[in-house]
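Descriptive structure summary
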Amino acid sequence: MKKRTLSILLTAALLASGAVNVMADTNINVTVDGTTVAFEDVTPEIVDGKTYVPVRGVFENIDATVDYINESSTVVIDCNNVNLKFVVGSDTVAVTKNKETKNVKLDNATHIKNDRTLVPFRFISETVGYDVDWDEAAKTASVTTNTKKALDLIGSFASGDTNVAKNLLTENYIQHNLAYGTGRDAFVGSVEYLASAPVKTTVNNVRAFADGDYVFLQTVYNFAGAGEQVAFDIFRFENGKIAEHWDNLASKAEPNPSGRTQIDGATEFKELDKTEENKQIAANFIKDVLVGENPDNLTSYFNGNEYIQHNTGIADGLDGLGAALAAYAEQGIEMIYTDTPIIVGQGNFVLAVSEGTLGGAPTAFYDMWRIENGKIIEHWDIIETIPDKSEWANENGKF
């Protein structure tokens, strides 16, 4: 019913204007990160020189949420913390980013073809932060996401291809891994070193997420045969290039008391329209429970004792967490969270980067939670001791 209403309204608007020049071309292709998008019944078309694509066919392939508000005849797209609202029959789109809304005028209005909503491909892709290319000979429009770029970059550790880093990194790339130098040249040097090692580096990405200008990854590395390490990486993008990087790494361990590993568990994205809400839940949990401002609120964040735990030394459930904290206390070990400079998320997954101490030693805490229906369900983490400043290979600091 919604699609039929949308079709009637927009068709009337287009007939009234009579100004749209549509060129049907069944040979127009669209790729997302190198994979060709399959369109069921309506294919892309050129409208006054611009490529228009079925909205769900493309943008749900890049983890966007697409909705239609019947009361206002509005198509809504949410992606990378950018909200776009297209009113049927209007050539203006409302773009909200960083809590600021701007009205942007399009060359043509969003239109309907066989009950499918077609929207401007390049405008939307670039607005949410992705690169778009057009191959005239192949009649192909291609979008490359920041997630794909981040995966390509870490993949260069295994491939040894230094051109990947040269093309993707800003010259003044900021490195927060304190074991490595800062800048693009330092990263390229690391790739060259690994490529020359007698044992090949392996890279196995487990989860990948995007949040505005940030991409965060959970990956298992084995650098030149030194042993498997589980890592969280965070990359910040500027103008399509990677400008900054943070990470935490830990040796891959045996399963925890509940038989879970550091990397298994849920992977499915949900609640893409609740990213900010879930980030706030994580922020509140850190403040109330981990910092300790309102510890009595602990149980309000969970469904009873349901808590799937991937920490290497803690069992499932709130009772497992309580037992681990009690063991720390018996040993006189304090775990103190003092600041959380980074919280990123995508849908039901949120990663928080916190500074504090563990047993008195300066420590970086990376905690990732799966949050659904307003409750924390699952937890992964990596805890890394921050080395003495005399050992740092750069002056950027851990955070």
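Cut-offs used in this document
- Residues numbered from 1 in each chain as written.
- Predicted model: local features only at pLDDT ≥ 70, side-chain atom pairs only at ≥ 80, totals over all residues.
- Heavy atoms only, no water.
- Core = buried A, V, L, I, M, F, W, Y, C linked by side-chain atoms within 4.5 Å.
- Buried < 20%, exposed > 50% of the residue type's maximum accessible area, 1.4 Å probe, protein only.
- Helix = DSSP H or I, 4+ residues; strand = E, 2+ residues; numbered from the N terminus.
- Contact = heavy atoms within 4.5 Å.
- Pairing = 2+ DSSP bridges.
- 1 Å grid on protein atoms, 1.4 Å probe; cavity = no way out; pocket = protein on both sides within 12 Å on 5 of 7 lines; lining within 4 Å.
- Points joined across faces, edges and corners; volume = space filled by probe spheres on them.
- Nonpolar A, V, L, I, M, F, W, Y, C, P; charged D, E, K, R; others polar.
- Expected span 1.5 Å × (residues − 1).

Concerning the nonpolar core
- Formed by 30 residues in total, the largest nonpolar core has its most connected members in V30, V58, F59, I77, L84, F86 and F121.
- Among the secondary structure elements, those contributing two or more residues to this core are β2 (29-32), α2 (55-59), β6 (65-69), β7 (74-79), β8 (82-87), β9 (92-97), α3 (121-127) and β14 (140-144).
- L84 has contacts with V75, V76, I77, V93, A94, V95, F123, I124, T127 and V128, leaving out every residue within four places of it along the chain.
- One finds V188, V191, F223 and F235 within the second-largest nonpolar core, a separate group that totals 23 residues.

Details of the pairing of strand β19 (residues 241-251)
- Most of β19 is tucked away, with 9 of its 11 residues classed as buried.
- Pairing of strand β15 (residues 169-175) with β19 involves 3 bridges; the strand directions are parallel. Looking at the pairing, L169 lines up with I242 of β19.
- Bridge count for strand β18 (residues 228-238) against β19 is 10 bridges, and the pairing is antiparallel. Note on β19: the bridge partner recorded for I234 is W246.
- Where β18 hands over to β19, the hairpin turn is made up of 2 residues, of which N239 adopts a positive phi near 50°.

Examining the layout of surface pockets
- In this structure, the largest pocket occupies an estimated 680 Å³ of space.
- Forming the walls of the largest pocket are 28 residues, and the residues nearest its centre are N80, N81, V82, D211 and E276.
- Listing elements by their share of the lining of the largest pocket, those giving two or more residues are β7, β8, β9, β16 (202-211), α7 (275-290) and β21 (335-346).
- The leading source of residues in the lining of the largest pocket is β21, at 6 residues.
- Estimates place the volume of the second largest pocket at around 480 Å³.
- Around the second largest pocket sit 28 residues that line it, and N177, A179, Y180, D247 and L249 are the ones nearest its centre.
- When contributions to the lining of the second largest pocket are tallied by element, the ones reaching two or more residues are α4 (146-159), β15, α6 (184-196), β18 and β19.
- Of the residues forming the lining of the second largest pocket, the biggest block, 5 residues, is contributed by α6.
- Its residues placed into classes, the lining of the second largest pocket shows 16 nonpolar, 7 polar and 5 charged.

Quick notes on α4
- Taking 1.5 Å of rise per residue, 14 residues should cover 20 Å, and α4 covers 19 Å from first to last C-alpha, within 8% of that figure.
- Looking at α4, one finds that the buried residues are N146, T147, K149, A150, L153, I154, S156 and F157.
- Positive backbone phi, approximately 80°, marks G160, located one or two places after α4.

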